[in-house]
Amino acid sequence: MESKKLRKVILASALASVMAVTGVQTAFAAQTQQTSQLAIEDLTLQPGADTTQINLNWYADTAAAGVKVKFTDGKNTITADATTQPAVEGKIACKATVSGLASDTKYTYSISEDGGVTWSREYTYKTPAQGEFTFGFVGDPQLNNGSEDKNSAVFSADGTTKAGWNDTLKALAERNVNLIASAGDQVNDTNGGSEAEYSELFSSEVLQQIPFAAAVGNHDRHDGFLYHYNLPNEQDVSSIVNNTTTAAAQEVTTDKGNYFYSFNNALFVVLNDSSYPSNTEEAKPYIEAFRQTLTNAVSTYPDYKWLFIQHHKSTESVAQHVADRDIQYYVEAGFEKLMDEFRVDVVLAGHDHVYARTYAMSNGQRVSALTDSYEDPQGTVYLTCNTGSGLKYYNIFDTEKLYVKDNADYPYLANGLTGSQEYLKGVYPLSTAVAQQDKIPGYTVVNVTDSKITFSTYSTYDNPATPDFNEAADSIDTFTITKSAPEQPTDAPTDEPTDAPTDAPTYEPTDAPTDVPTDAPTNAPTSSTPKTTTTTSGGTPTASTTTATGKVATGDSANVAIMLLILAAAAGTVFIVRRKIKAD
């Protein structure tokens, strides 16, 4: 009898235990359900001061309190409180910096907006390994809550800029980039900014996994930029750029958006040139703000191997903004002199919705041959990227749509002359080595080691009209920069740069255009058999032909004697070819 009672007691205890466990599981399930319902709005990762940090930015309802984020690698957990600021109606902007991250480590992270009682779903972020890394370069996604350029060669699935942008981000993620650097104009609306456009900009989960570093573009000059970005090492330049020092200081972002970050062996400096100076004097305070930012960057991180500049308005481009006076004034005030002074390796820019890269440039002159392999260049390479979403494409030599048709002084052209009308005759800027407009969204993948950088540019989509070449899989332009001994800037430049090219380059270029195309370069593919250049093992440029459709414009080459003759004629023309033919 006692044994039966004992069995009943045991069974009752077991039943109670099961019920207790079931209750815990039910409560846990309820908590999990509650957590999954905490939606995080406009969340994006952004670089920290260096790779041991990561910055986050997102929106929360104004009722949120005790906003924080936690990162864990499965063993250690890092929790950081977020700062908040009032944003658009009903929202606060939340900014958090997480420090103490280990390299080459996968973290999961989540966000709480109630002091840690409830957490969002988990997101993931993997820190880069030390040393070699890869980043993506994009420009002008300019999300518009609408359609892509009606003249696009290839459209996204639904023809919207949101789909085009998200496809570009997906392509970058598939190429395993550790960072995405943008040249500005992330959104389109210039009248105060559009929250709907920002929601589209941050709609891809890629930006919750890969840090996104944005420059201020002329379409970003509104409060929305201040709400949506958490910038590392942002510089206070308000005493340099303000309404007293320059009449161009008209926007809430005027003295914002100048910052820098260290990423392994590279130093990135982001400059805000989104304002519109109406003369050279008005541009000078901005140059001084850039100088202060650069000075502080190189003193904070003196051991960098490579120095990149991110900014918006390309000073070395080829399309419809090529003769803009505000850009001319930035150049005349000393923008490119500053690049020379600090021995910048590469300047990354946008604004002109076209792809272009330059010779290595210094002192306003070419200091390299026409090449895909810059060896210890004694100057800076300027790279302009096409739109990352397909919003709109700008044409090269467009007589109707060139923004400034009456500028006689700018751009500086390869035939030694200047100005809009001379450019419209089909003469490229002096700096232009490669130019391309295929009217497909694009991006550049940059691999960085201690001694070499490799740039490979792709289109987001393949163009069915060009079956012999896959623009999405095969690089439309690849080049390298190699340095045997990376250099840091000196206190003062060796040579004082000039504002404009002189009749005789400071350093005599080894190449110059030779052949004049029968037809002026076009912006859309053609079914011609263009001539391009290849380089033999001895380094002497030779002519070759290939059946291809018009895609990439490259400068042709010749010896110095022929160069001088050509410059006296109509030098500066470049060939539109589908892709460059490499030597075997």
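Let me sum up the structure you'll find in this document. (Residues numbered from 1 in each chain as written. Predicted model: local features only at pLDDT ≥ 70, side-chain atom pairs only at ≥ 80, totals over all residues. Heavy atoms only, no water.)

**Topic: the sheet that holds strand β9 (residues 133-138)**
Inference 1: With respect to topology, 7 strands assemble into an open sheet ordered β11-β10-β9-β22-β23-β24-β19, the strand pairing being mixed. For this open sheet the edge positions go to β11 (212-213) and β19 (373-375), each flanked by a neighbour on one side alone.
Inference 2: Where strand β23 (residues 452-459) lies against strand β24 (residues 477-482), 6 bridges are found, and the strand directions are antiparallel. For F455, the partnering residue across the bridge sits in β24 and is F479. (Pairing = 2+ DSSP bridges. Helix = DSSP H or I, 4+ residues; strand = E, 2+ residues; numbered from the N terminus.)

**With respect to the packing of helix α5 (residues 280-300) against helix α6 (residues 325-333)**
Inference 1: Two numbers describe how α5 lies on α6: the axes approach to 8 Å, and their chain directions differ by 65 degrees. Crossing handedness for the pair α5 and α6: right-handed. Of the residues in α6, those touching α5 at T280, A283, K284, Y286 and I287 are Y329, Y330, E332 and A333. (Axes fitted to C-alpha atoms, helices over the stretch in contact; angles between N-to-C directions. Left-handed = near helix turned anticlockwise from the far one by under 90°. Contact = heavy atoms within 4.5 Å.)

**Structural notes on the packing of aromatic side chains**
Inference 1: Across all of its chains, the model carries 24 aromatic pairs by this definition.
Inference 2: Ring centres 4.9 Å apart and planes at 0 degrees place the aromatic pair Y261 and F268 in the stacked group. Across this residue pair, the class does not change: Y261 and F268 are buried.
Inference 3: Aromatic side chains Y374 and F479 sit 5.8 Å apart centroid to centroid with 75 degrees between the ring planes, which places their arrangement in the edge-to-face category. Taken together, the positions of Y374 in strand β19 and F479 in strand β24 put the pair 105 residues apart, joining distant regions of the chain. The residues Y374 and F479 share a single accessibility class, namely buried. (Phe/Tyr/Trp six-rings, centres within 6.5 Å; stacked < 30°, edge-to-face > 60°. Buried < 20%, exposed > 50% of the residue type's maximum accessible area, 1.4 Å probe, protein only.)

**As for the sheet that holds strand β1 (residues 41-47)**
Inference 1: Pairing within the open sheet is antiparallel, and its 4 strands lie in the order β1-β2-β6-β5. Either end of the sheet is taken by a strand with one partner, and the two such strands are β1 and β5 (83-86). Along the sheet, successive strands turn relative to each other by an average axial angle of 20 degrees, direction set aside.
Inference 2: By the bridge criterion, 4 bridges tie β5 to strand β6 (residues 91-98) in an arrangement that is antiparallel. Bridging across to β6, T84 finds its partner in C94.

**Re the nonpolar core**
Inference 1: Within the largest apolar cluster, 93 residues are counted, with the highest numbers of intra-cluster contacts made by F135, I180, F308 and M339.
Inference 2: Examining the composition of this core, we find that 8 residues originate from one element, α5, more than from any other.
Inference 3: In contact with M339, other than residues within four places in its own chain, are L271, L294, I309, V344, V347, T380 and Y382.
Inference 4: In this structure, W58, I92, A96 and I111 belong to the second largest nonpolar core, which totals 23 residues. (Core = buried A, V, L, I, M, F, W, Y, C linked by side-chain atoms within 4.5 Å.)

**Quick notes on unusual backbone geometry**
Most of the time, phi is negative for any residue but glycine, and the peptide bond is trans.
Inference 1: The amide bond that connects Y410 to the next residue, P411, takes the cis arrangement and shows omega of 10 degrees.
Inference 2: Tracing the sequence through the fold places P411 in the loop between β20 (381-384) and α8 (420-423).
Inference 3: Positive phi values are uncommon outside glycine, yet D140 reaches one of about 50 degrees.
Inference 4: Checked against the element boundaries, D140 lands in the loop between β9 and α2 (161-174).
Inference 5: Judged by its relative accessible area of 0%, D140 falls in the buried class.
Inference 6: Here the phi dihedral of N363 falls at roughly 60 degrees; this positive angle occurs in a residue that is not glycine.
Inference 7: Here N363 is to be found in the loop between β17 (361-362) and β18 (365-366).
Inference 8: Classification of N363 as buried rests on a relative accessible area of 8%.

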